[in-house]
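Here is what each chain is made of, one letter per residue.
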Amino acid sequence: MYSIAAFLGMGVLTGFLSSMFGFGGGFVVIPVLYLLLPHLHVPHFLVMHVAVGTSLAIMIVNALNSTISHHRQHHILWFIFFRMAPAIAVGSLIGGLVSPFIGGNILRYLFILFVVYTIISSLVKKTFIDIGDHDIKIPNLVKTSFLGTGIGFIATLLGIGGSVLTIPFLRSCKLKMINAVSLATPLSLPIAIVGTTTSVFAGMQQPDLPSWCFGFVYIPAFIGMVIGGFIGVPIGSRVAHNVPDRLFSRIYIVLLVVVVITMIFE
């Protein structure tokens with residue numbers, strides 16, 4: 001019973017964070033599931049894979065919900081989405097195919113390293129906190145496609161939705177936080193869809209998973225967090241609309257620090 005309440009509560013939080021910060025949910029879902037799944041009869045050596053797969057499945061619903069919410073408020077710059085989305089989808093496919101061959105502990109360490117890298121790079125590059133003028137400067141198609149492929153690959157491998165890489169890139173292109181976050185949500189969809197599909201098929205080859213798993217997706221967690229997400233998403237969207245840009249970027253960095261500390265000390 002406690003796990004159902006935890007899933008619903010975390011669903012509200014992940015929906016809020018997905019809508020407000022573009023987090024696909026992985027920054028909350030993965031640490032929580034990493035703690036809970038060993039107590040729910042998931043073998044220890046498969047815990048990280050199930051956490052990632054479930055995170056990706058939840059991300060589909062939250063990203064759709066958040067995208068609709070931000071689109072209604074005219075925050076999404078769709079021309080940037082259509083430039084980056086195809087490359088992200090290709091990278092996601094590659095990451096999904098590679099993921100089953102990488103051990104769970106390695107995925108956890110990679111997750112921590114990428115979050116730490118993002119925190120350090122964002123603090124060193126002061127333009128993340130204060131971008132100055134707002135003249136958008138998007139790189140050429142070749143560079144953007146190469147970057148998009150890398151984002152899709154890494155994000156699918158780690159189940160993090162890509163915002164940890166997408167938002168710093170978009171900030172470097174002089175986008176306001178509200179526009180960067182709003183773009184991060186639809187850009188998570190290729191990652192979530194491809195990653196979930198490959199996680200389901202890869203998990204079906206594992207006989208040690210409990211009956212509540214559909215591949216590497218833990219169904220009770222998926223249902224509970226999705227229901228909670230429908231509460232959290234509209235709240236996050238409304239709050240994001242009213243937060244000053246500089247404060248917005250600082251809160252984003254603080255949240256990354258909290259997540260990485262949680263994963264390091266588990």
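Placed above this text is the structure.
As a starting point, this report considers the structure included with it.

About the cut-offs
Residues numbered from 1 in each chain as written. Predicted model: local features only at pLDDT ≥ 70, side-chain atom pairs only at ≥ 80, totals over all residues. Heavy atoms only, no water. Helix = DSSP H or I, 4+ residues; strand = E, 2+ residues; numbered from the N terminus. Contact = heavy atoms within 4.5 Å. Areas by Shrake-Rupley, 256 points an atom, 1.4 Å probe, with all protein chains shown as cover. Expected span 1.5 Å × (residues − 1). Buried < 20%, exposed > 50% of the residue type's maximum accessible area, 1.4 Å probe, protein only. Polar contact = N/O pair within 3.5 Å; in protein donor to acceptor, adjacent residues only side chain to side chain.

Focus: the overall build of the protein chain
In terms of helices and strands, the protein chain carries 10 helices and 2 strands. Beginning at the N terminus, the succession of helices and strands in the protein chain can be written as α-α-α-α-α-α-α-α-β-β-α-α. Within the protein chain, contacts between residues at least 6 apart in sequence are counted, and of these 84% link residues at least 24 apart. Per element, the accessible surface of the protein chain, about 11400 Å² overall, is 73% carbon and sulfur.

Re helix 6 (residues 141–158)
Over its 18 residues, helix 6 extends 26 Å from the first C-alpha to the last, a length consistent with the 26 Å expected when each residue adds 1.5 Å. Thr144, Gly148, Ile151, Gly152, Ile154, Ala155, Thr156, Leu157 and Leu158 are the residues of helix 6 that are buried. The N-terminus of helix 6 is capped by Asn140, whose side-chain oxygen sits 3.2 Å from the backbone nitrogen of Val142.

Quick notes on unusual backbone geometry
Phi at His41 is positive, roughly 70 degrees, even though this residue is not glycine. Within the secondary structure, His41 is located in the loop between helix 2 (26–36) and helix 3 (47–72). The exposure class of His41 is exposed, given its relative accessible area of 69%. The phi dihedral of Lys174 is positive, around 75 degrees, even though this residue is not glycine.

Focus: the side chain of Thr196
If you trace the backbone, Thr196 turns up in helix 8 (residues 177–203). In this structure Thr196 comes out as buried when scored by relative accessible area, which is 11%. Only 2.6 Å separates the side chain of Thr196 from the backbone oxygen of Ala192, close enough to count as a polar contact. The contacts of Thr196, once residues within four sequence positions are left out, are Leu56, Ala57, Ile60, Ile191 and Val217.

In short, geometric facts, not functional conclusions.
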